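Summary of the model geometry
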Amino acid sequence: MTAPTRSAARRACPACAALGRRDLPAYSRDCWVLAACDTCGFVYLVNPPETLALEEDFAWEKTIRAEETRRKKDAPVMYGLDYASRLRTRLFRRDEAARYTRWFGPGARVLDIGCGDGSRLRAPLVPFGIEISKALAAQADAAMQPLGGACEQGATLEAIGRFPAGHFDGIVMRSYLEHETEPMAVLDAARRVLKPGGRIYVKVPNFGSVNRWLTGRKWCGFRHPDHVNYFTLKSLTGMARQARFRLTLLNPFNLAFDDNIHAHLTAA
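Here we summarise the structure given alongside this text. (Residues numbered from 1 in each chain as written. Predicted model: local features only at pLDDT ≥ 70, side-chain atom pairs only at ≥ 80, totals over all residues. Heavy atoms only, no water.)

**Considering the nonpolar core**
Note the following rule: Throughout, nonpolar core names a set of buried Ala, Val, Leu, Ile, Met, Phe, Trp, Tyr and Cys residues whose side chains join them through atoms within 4.5 Å. Throughout this description, buried means an accessible area under 20% of the type-specific maximum (1.4 Å probe, protein chains only), exposed means over 50%, and partly exposed covers the range between. Only DSSP runs of H or I with at least four residues qualify as helices, and only runs of E with at least two residues qualify as strands; both kinds are numbered from the N terminus onward. Here, two residues are considered to be in contact whenever any of their heavy atoms come within 4.5 Å of each other.
Core analysis: the biggest nonpolar cluster contains 42 residues, and Leu-111, Ile-171, Met-173, Leu-177 and Ile-200 have the highest contact counts within it. For this core, the element with the highest residue contribution is helix α7 (residues 183-193), accounting for 6 residues. Apart from residues no more than four positions distant in its own chain, Ile-200 is found in contact with Ile-171, Met-173, Leu-187, Ala-190, Leu-194, Phe-245, Ala-263, His-264 and Leu-265. In terms of nonpolar packing, the next biggest core, distinct from the first, is built from 12 residues, Tyr-27, Trp-32, Phe-207 and Tyr-230 among them.

Written out as structure tokens, the structure is:
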């Protein structure tokens, strides 16, 4: 991986904005530095790539291939188990789309932030998206336009500002917040474009999982440099509260053994 395009000097904690940190060399790799906030303990990437680099040089569809190659070499058994899990997710994607319809309602306008190629949202929802990768945003826009929606290309804070207040019934942040350098600002912006009573579905890697403790730096949730935030239930709940959302955990019974946190954020 090439050198970072942002200085490693002082990225403030994304959760509490404190500057003091403790570097975590056991979880860092190559030129990418993970640290824990001295004030709140939140774990984050100190030197993430700049936004322009994420549009093409570090676009998800490119970095995922490099990451899969590395994990297959370093931890083939864990890679095989994770691959099987992701295969099941793809096979049952229709069930996922049905859940969105059940959560948000038929005909709902739903914004998928970090929407990839736009395939997650389907009719009877009206799908909208935000995607930083230029190539994926073009695919998503082509898929969403016939259903009455559209995809905005660019960094989330810029793109979400193009939508009017109260425009959406729901928002999907599936495998997104871990990529966002300004998660608090995005949550505030998301609250603005939600209708009263609207909610957000969030899925993020679970830094507090037993599997992360057991596998260490080989944990499937580590992806350098595009995972820039590492959440626990406590830190995600705290961020939601700061943005005036109430968090409802969707996987409470197996959270300790799940590599992901699934939750709804509802305006408090």
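So that's the structure; there's more coming.
**Some thoughts on the environment of Leu-24**
Looking at the secondary structure, you find Leu-24 in the loop between β1 (21-23) and β2 (34-37). Here Leu-24 is in contact with Leu-34, Ala-35, Ala-36 and Val-43, once residues within four sequence places are set aside.

**Side note on the sheet that holds strand β9 (residues 229-230)**
Note the cut-off: When DSSP finds two or more bridges between two strands, those strands count as paired.
Across the sheet, which stays open at both edges, the 4 strands sit in the order β1-β2-β3-β9 with antiparallel pairing between neighbours. Edge strands, defined here as strands with exactly one partner in the open sheet, are β1 and β9. As judged from the 3 bridges shared by β1 and β2, these two strands associate in the antiparallel manner. Paired with Arg-22 across the strands is Ala-36, a residue of β2.

**Observations regarding the packing of aromatic side chains**
Applied cut-off: Only Phe, Tyr and Trp rings are paired, with Trp represented by its six-membered ring, and only when their centres lie within 6.5 Å; those with planes under 30 degrees apart are stacked, over 60 edge-to-face, the remainder tilted. Charges are assigned to positions over rings by a cutoff of 6 Å between ring centre and Lys NZ or Arg CZ, combined with an angular limit of 35 degrees from the ring normal.
One pass over the full model with this rule turns up 16 aromatic pairs. Seen in terms of ring centroids, Trp-103 and Tyr-201 are 5.0 Å apart; in terms of plane orientation they differ by 45°. Their pairing is tilted. With Trp-103 in helix α4 (residues 93-104) and Tyr-201 in strand β8 (residues 194-205), this residue pair connects regions lying 98 residues apart in the sequence. Across this residue pair, the class does not change: Trp-103 and Tyr-201 are buried. One Lys or Arg, Arg-212, reaches over the ring of Phe-207 and ends 3.7 Å from the middle of that ring. Its end group placed over the ring of Trp-213, Arg-212 keeps NZ or CZ at 4.4 Å from the ring centre.

**Structural notes on the pattern of salt bridges**
Here is the rule: Each reported salt bridge corresponds to a side-chain nitrogen of Lys or Arg within 4 Å of a carboxyl oxygen of Asp or Glu.
Taken as a whole and assessed by the stated rule, the structure comprises 8 salt bridges. Of the charged contacts in the structure, one is a salt bridge between Arg-120 and Asp-112, with a shortest N-O distance of 3.0 Å. The pair formed by Arg-120 and Asp-112 is uniform in burial state, with each residue classed as buried. Between Asp-169 and Lys-195 there is a salt bridge, with its nearest N and O atoms 3.2 Å apart. With Asp-169 in strand β7 (residues 168-174) and Lys-195 in strand β8, the pair connects residues that are 26 residues apart, well separated along the chain. Relative accessible area serves as the criterion here: at 30%, Lys-195 is assigned to the partly exposed category. Here the residues in one salt-bridge network are Glu-152, Glu-158 and Arg-162, joined through shared partners.

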